[in-house]
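# Structural description and commentary
Residues per chain are reported as follows:
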There are 2 protein chains.
Amino acid sequence: MHKDVQTGDIVEIRTEKGTYKGTIMPKHEFSRDEIIILKLDNGYNIGVSVKDILSLKVLGKGEKAGIRREKMEKGAGEGIKKITLFSTGGTIASYVDYRTGAVHPAISSEDLLFSVPELADFGDMEAKVLFSLLSEDIGPKNWKTMAMEAAKALNSGSAGVIMAHGTDTMGYSAAALSFALKNLTGPVVFVGSQRSSDRPSSDATMNLLSAARVAVSELGEVVVVMHAGTGDDYCHVHRGTRVRKMHTSRRDAFASINSEPIGKATPDGCELRNHRKRREGKVEVFPDFEESVTLLYSYPGLSGEMLEHMLSGIKGLVIAGTGLGHMKSELIPMIGEAVKNGTFVVMTSQCLYGTVDMNVYSSGRELIKAGVIAGGDMLPETAYVKLSWALANLEHEKIPEFMVTEIAGELEERRFL
Amino acid sequence: MHKDVQTGDIVEIRTEKGTYKGTIMPKHEFSRDEIIILKLDNGYNIGVSVKDILSLKVLGKGEKAGIRREKMEKGAGEGIKKITLFSTGGTIASYVDYRTGAVHPAISSEDLLFSVPELADFGDMEAKVLFSLLSEDIGPKNWKTMAMEAAKALNSGSAGVIMAHGTDTMGYSAAALSFALKNLTGPVVFVGSQRSSDRPSSDATMNLLSAARVAVSELGEVVVVMHAGTGDDYCHVHRGTRVRKMHTSRRDAFASINSEPIGKATPDGCELRNHRKRREGKVEVFPDFEESVTLLYSYPGLSGEMLEHMLSGIKGLVIAGTGLGHMKSELIPMIGEAVKNGTFVVMTSQCLYGTVDMNVYSSGRELIKAGVIAGGDMLPETAYVKLSWALANLEHEKIPEFMVTEIAGELEERRFL
């Protein structure tokens, strides 16, 4: 039934409920066969049960997709850049399950290319699925895979890497790759969307095209490219170690904290500032992360017993303390004991904005005496990732110095003074 | 030596290092006797060792303080409002230890009145020291004392209560009193300062006077009054359940999250909007908080083992999840077990801005099935305080409904839809 209809075709479907005109969307592994997903002109997707279809008329064949496929088959010609697009899951690579209405991470990189055929304008797109995970399920093991794959792509001639990723933990992953990749010969651009592509307000297309623009720029850093405002004016280019998701749903949810974005991008161009440029040579990769690190958000009722639980068997602890970097003074001796026993403890602030300064108040000074490392103006999340990386890659006596040294734009050293 | 010199006197002190003119500041319990603390005209305090003093000339006696003392002794006359000023410690009630340069919480409410004699213009000030704690050391037991004392003051004829408090955990304490006090017959105004009064840029005076202005207003809520900008234009009046310290050091560090401030205040006037007014009758107080509640900031490497540690023996867990309210899906069954065993689990978002919505993605739906309560647009800190209060004051079967019901402006119920 409807065997002559292909993904990308523009069709008119008549059912008892109404007549719909739109483009046939790709099938997903979890889609029921008996459903056709149609992207309407208003941007919405709908699922139409095949058994409800009274008539189906093909209005046009999917040309853009055809052109893209042809380009892909030809391979990169002279002077055409190669861009590698990895998908890891998330809203940008998700579809709505029409049985339940919930969003699943299932679109492949190929589907992404299909949905946004204009990507082919930036160069020869190579697509690869790394995972199909909602980003709350992405952790240190996935950071390792992403780092290795990004290095491999850049070292095999890609001009840049795009990493389509769920927005929930995109900041953590971008920070991870910032520490894992050295001597970047091109940008690694994380991109996501806050609204699934079923919604007319979806930010997926503009974010993806802006990310592609950044991927072929002179940049040599790990960045996040996401909407800068609620309109479609431009995207911000955020440094991977400074970016944080600051809203659950807005399209402009991402913000650079304690630092300006390092650029603006649209599908038509990008402007960079205070950025690091592509290096010559090969990308080096140090992809391991110690998993036995805890991020502790201090709170007024935190008991010694609970802190003891949290410290048991871990190698590193990052505290999101209060204010300038404080915690309950009765707990400081326990922290001091943990440091003596070899646990590395770093202090950051749950205020997020500003910098830790443990020299101002008596409790801060006690923390310094206990051997707690000041995290400066690093985000708690970035300090957590940095410590996880340090524990897996450095001689341990070098860690305190490393944590207060700027490596990938994650802190401003002078703020320590 | 210098026995004729009193606190508040304006003096000129000559030493080998130079000549200083200023006002003698109060002595603190930890001050060395041999040091005189002088507030200079430029706003800075300096400590001068008595043995270094070559000569001391009294230029004027401390009149403002004398006027205040006289007023205090007379008691509240007809039509004069009584305001109760509690001090709990923090920068607003702190002094610099000139031996170490560190800031200690030690100024009493009396000293605060002395430093800002204009407070007497608002009414008859009654001052009481509750604690001398840096606010990182203020917890549920202190919330109880503050709630009981605030209720007692209002029920004994105070028009309003000012609670001078360290800024680090002021948001937590303000949320706590918001739930503990019912039928407020007057405002409970938390106030602090980001810069100690030794610094010319101190915000202490304006914050305190603006707080006094709010304390005699028609308001019947627990609020935080702090600088609104980096200038001295006005303060914001933040609802106690919506306010968060968003910068480690700026004077305008406090922000209302997911809600507008409910007013502006200066020493000369205050403008309120969408606020609740003073009630008739008596304030009721429910001051207990369950301490066995954990605030967990979820992070990518969170292991089942660590979560098990964190869940052991607790009655409540507030998760600051990622995005719309997510956490690693492999941990959801463990959360479900904890809920079955009687632990109440509430989901909030580490994005801070926006609202939890666990109906959008599959992992959110799994959390709902596991019995996790959606925290809506509540701050993680406020949800933590609310759950601690609920566990100590309500029949437990009523807690899930209570957590999603707006009690003190802490959430917007319609956002749940």
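Just above, that's the structure.
This section reports on the structure supplied with the text. (Residues numbered from 1 in each chain as written. Chains lettered and ligands numbered in written order. Predicted model: local features only at pLDDT ≥ 70, side-chain atom pairs only at ≥ 80, totals over all residues. Heavy atoms only, no water.)

### Regarding the overall build of chain A
- Looking only at helices and strands, chain A features 10 helices and 23 strands.
- Here chain A, with 417 residues, has 60% of them falling under the buried criterion. (Helix = DSSP H or I, 4+ residues; strand = E, 2+ residues; numbered from the N terminus. Buried < 20%, exposed > 50% of the residue type's maximum accessible area, 1.4 Å probe, protein only.)

### Digging into the relation of the copies chain B and chain A
- After a rotation of 180° and a shift along the axis of 0.0 Å, chain B superposes on chain A with an RMSD of 0.0 Å. Taken together, the rotation angle and the small translation identify this as a two-fold axis.
- When the interface residues of chain B are mapped onto chain A, 100% of them are again interface residues, pointing to one common binding face. (Least-squares fit on C-alpha atoms with pLDDT ≥ 70 in both. Contact = heavy atoms within 4.5 Å.)

### A closer look at the environment of Asn258 of chain B
Residue and element names in this part refer to chain B.
- Assignment of secondary structure puts Asn258 in the loop between β16 (254–256) and β17 (263–266).
- On the accessibility criterion, Asn258 (12% relative accessible area) is buried.
- Among the polar contacts made by the side chain of Asn258, one reaches the main-chain carbonyl oxygen of Leu352 at a distance of 3.1 Å.
- Side-chain polar atoms of Asn258 contact the backbone oxygen of Asp377, separated by 3.2 Å. (Polar contact = N/O pair within 3.5 Å; in protein donor to acceptor, adjacent residues only side chain to side chain.)

### Examining the packing of aromatic side chains
- For the coordinates displayed, the defined rule picks out 10 aromatic pairs over all chains.
- Within the aromatic cluster, the residues linked to one another by ring pairs are Tyr172 and Tyr384 of chain A together with Tyr299 of chain B.
- The ring of Trp389 of chain B carries the charged tip of Lys182 of chain B above its face, separated from the ring centre by 4.6 Å. (Phe/Tyr/Trp six-rings, centres within 6.5 Å; stacked < 30°, edge-to-face > 60°. Lys NZ or Arg CZ within 6 Å of the ring centre and 35° of its normal.)

### So, unusual backbone geometry
- Of note in this structure, Asn274 of chain A is not a glycine but carries a positive phi near 50°.
- Overall, the relative accessible area of 69% leaves Asn274 of chain A in the exposed class.
- Although it is not a glycine, Asn183 of chain B adopts a positive phi angle of roughly 55°.
- Position of Asn183 of chain B among the secondary structure elements: in the loop between β11 (181–182) and β12 (188–191).
- Classification of Asn183 of chain B as partly exposed rests on a relative accessible area of 22%.

### Quick look at the packing of helix α4 (residues 170–180) of chain A against helix α9 (residues 380–393) of chain A
Residue and element names in this part refer to chain A.
- For the pair α4 and α9, the least separation of the axes is 9 Å and the interaxial angle reads 40°. Between α4 and α9, the interaxial angle falls into the category oblique. As for how α4 packs across α9, the hand of that crossing is right-handed. Counting all contacts with α4, which are made through Tyr172, Ala175, Ala176, Phe179 and Ala180, the residues of α9 involved are Glu381, Thr382, Tyr384, Val385, Lys386 and Trp389.
- A breakdown of the residues in the contact of α4 with α9 according to their chemical character gives eight nonpolar, one polar and two charged. (Axes fitted to C-alpha atoms, helices over the stretch in contact; angles between N-to-C directions. Parallel < 35°, antiparallel > 145°, perpendicular 65-115°, else oblique. Left-handed = near helix turned anticlockwise from the far one by under 90°. Nonpolar A, V, L, I, M, F, W, Y, C, P; charged D, E, K, R; others polar.)

### Things to note about the pattern of salt bridges
- The tally for this structure, following the rule as stated, stands at 38 salt bridges over all chains.
- Measuring nitrogen to oxygen at the nearest pair gives 2.8 Å for the salt bridge that ties Asp252 of chain A to Arg250 of chain A.
- Close ionic contact of Arg276 of chain B with Glu406 of chain B constitutes a salt bridge, the shortest N to O distance being 2.7 Å. A residue pair is termed long-range when its members are at least 10 positions apart, and Arg276 of chain B in the loop between β18 (269–272) and β19 (284–285) and Glu406 of chain B in the segment after α10 (399–403) qualify at 130 residues.
- Assessed through its relative accessible area of 35%, Arg276 of chain B is described here as partly exposed.
- Counted as one network, the salt bridges with shared partners bring together Lys128, Glu149 and Lys152 of chain A. (Salt bridge = Lys/Arg side-chain N within 4 Å of Asp/Glu carboxyl O.)

### A word on the side chain of Lys245 of chain A
All names here are of chain A.
- Tracing the sequence through the fold places Lys245 in strand β15 (residues 243–245).
- Lys245 sits in the buried class, given a relative accessible area of 8%.
- Looking at Lys245, its side chain comes within polar contact range of the side chain of Thr167, at 2.9 Å.
- Reaching out from Lys245, the side chain makes a polar contact with the side chain of Asp168 at a distance of 3.1 Å.

### Comments concerning the pairing of strand β20 (residues 293–297) of chain A
Residue and element names in this part refer to chain A.
- When you tally the buried positions in β20, you get five out of five residues, the bulk of the element.
- Every second residue of β20 is oriented toward a common face, with Val293, Leu295 and Tyr297 on one face and Thr294 and Leu296 on the other, all of them buried.
- By the bridge criterion, five bridges tie β20 to strand β21 (residues 316–321) in an arrangement that is parallel. Residue pairing for β21: Leu295 is matched across the bridge by Val318.
- Tracing the backbone out of β20, into helix α6 (residues 304–311) and back to the parallel element β21 gives a crossover that is right-handed. (Pairing = 2+ DSSP bridges. Right-handed = clockwise from strand over helix to strand, strands pointing away.)

### Observations regarding the sheet that holds strand β13 (residues 222–227) of chain B
Residue and element names in this part refer to chain B.
- One open sheet accounts for eight strands, arranged β9-β6-β10-β12-β13-β14-β17-β18; its pairing is mixed. Taken across any chain shown, the strands that pair with only one partner, and hence form the sheet edges, are β9 (124–129) and β18. Geometrically, the sheet is characterised by an average inter-axis angle of 25° between neighbouring strands, direction not taken into account.
- Pairing analysis gives five bridges linking strand β6 (residues 82–87) to strand β10 (residues 160–164), with the strands arranged parallel. By the bridge assignment for β10, Ser87 is matched with Ala164.

### Thoughts on the interface of chain B and chain A
- Contact with chain B, which involves 58 residues of that partner, is made by 58 residues of chain A.
- Three residues, Thr248, Tyr297 and Pro300 of chain B, lead the burial of chain B against chain A; their summed loss comes to 15% of the area buried on that side.
- For the pair chain B and chain A, the interface holds zero salt bridges.
- For the pair chain B and chain A, the interface holds 29 residue pairs in polar contact (both at pLDDT 80 or more).
- Across the side of chain B that touches chain A, the residue classes tally to 24 nonpolar, 24 polar and 10 charged. (Buried area = accessible area lost by both parts, 1.4 Å probe.)

### Side note on the sheet that holds strand β23 (residues 373–374) of chain A
Residue and element names in this part refer to chain A.
- Pairing within the open sheet is parallel, and its four strands lie in the order β20-β21-β22-β23. Every other strand in the sheet has two partners, leaving β20 and β23 as the edge strands with one partner each.
- Pairing of β21 with strand β22 (residues 344–349), which is carried by six bridges, proceeds in the parallel orientation. Within β22, the residue paired with Gly321 across the bridge is Ser349.

### A short note on helix α6 (residues 304–311) of chain B
- Here α6 of chain B has its buried residues at Gly304, Met306, Leu307, Met310 and Leu311 of chain B. Seen along its axis, α6 of chain B keeps its buried residues to an arc of 160°; they face one direction. The exposed residues of α6 of chain B that point more than 90 degrees off its buried face are Glu305 and Glu308 of chain B.
- Buried residues along α6 of chain B sit in contact with β20 and α6 of chain A together with β20 (293–297), β21 (316–321) and α7 (332–340) of chain B.
- Note on α6 of chain B: the residue one or two positions beyond its end, Gly313 of chain B, has a positive phi of about 75°. (Arc of directions from axis to C-beta.)

### Details of the pairing of strand β12 (residues 188–191) of chain A
Residue and element names in this part refer to chain A.
- Burial along β12 is two-sided: Val188 and Phe190 and Val189 and Val191, pointing in opposite directions, are all buried.
- In this structure, strand β10 (residues 160–164) lies alongside β12, joined through four bridges in parallel fashion. Among the inter-strand pairings, Ala164 is bridged to a residue of β12, identified as Val191.
- Here four bridges tie β12 to strand β13 (residues 222–227), and the two strands are oriented parallel to one another. From the neighbouring strand, Phe190 faces β13, where its bridge partner is Val224.

### Details of the packing of α6 of chain B against α7 of chain B
Residues and elements named next belong to chain B.
- Direction vectors running N to C along α6 and α7 enclose 20°, while the axes themselves pass 10 Å from each other. Here α6 lies roughly parallel to α7, going by the angle between them. The two elements α6 and α7 meet at a crossing, and its hand is right-handed. Facing α6, whose interface residues are Gly304, Leu307, Glu308 and Leu311, α7 presents Met334, Ile335 and Ala338.
- Partitioned by chemical class, the residues of the contact of α6 with α7 number five nonpolar, one polar and one charged.

### Some words on the state of the cysteines
- Applying the stated criterion across every chain yields a total of zero disulfides over all chains.
- Of the cysteine sulfurs around Cys351 of chain A, a residue in no disulfide, the closest is that of Cys351 of chain B, at 18 Å.
- With relative accessibility at 2%, the residue Cys351 of chain A sits in the buried group. (Disulfide = S-S within 2.5 Å.)

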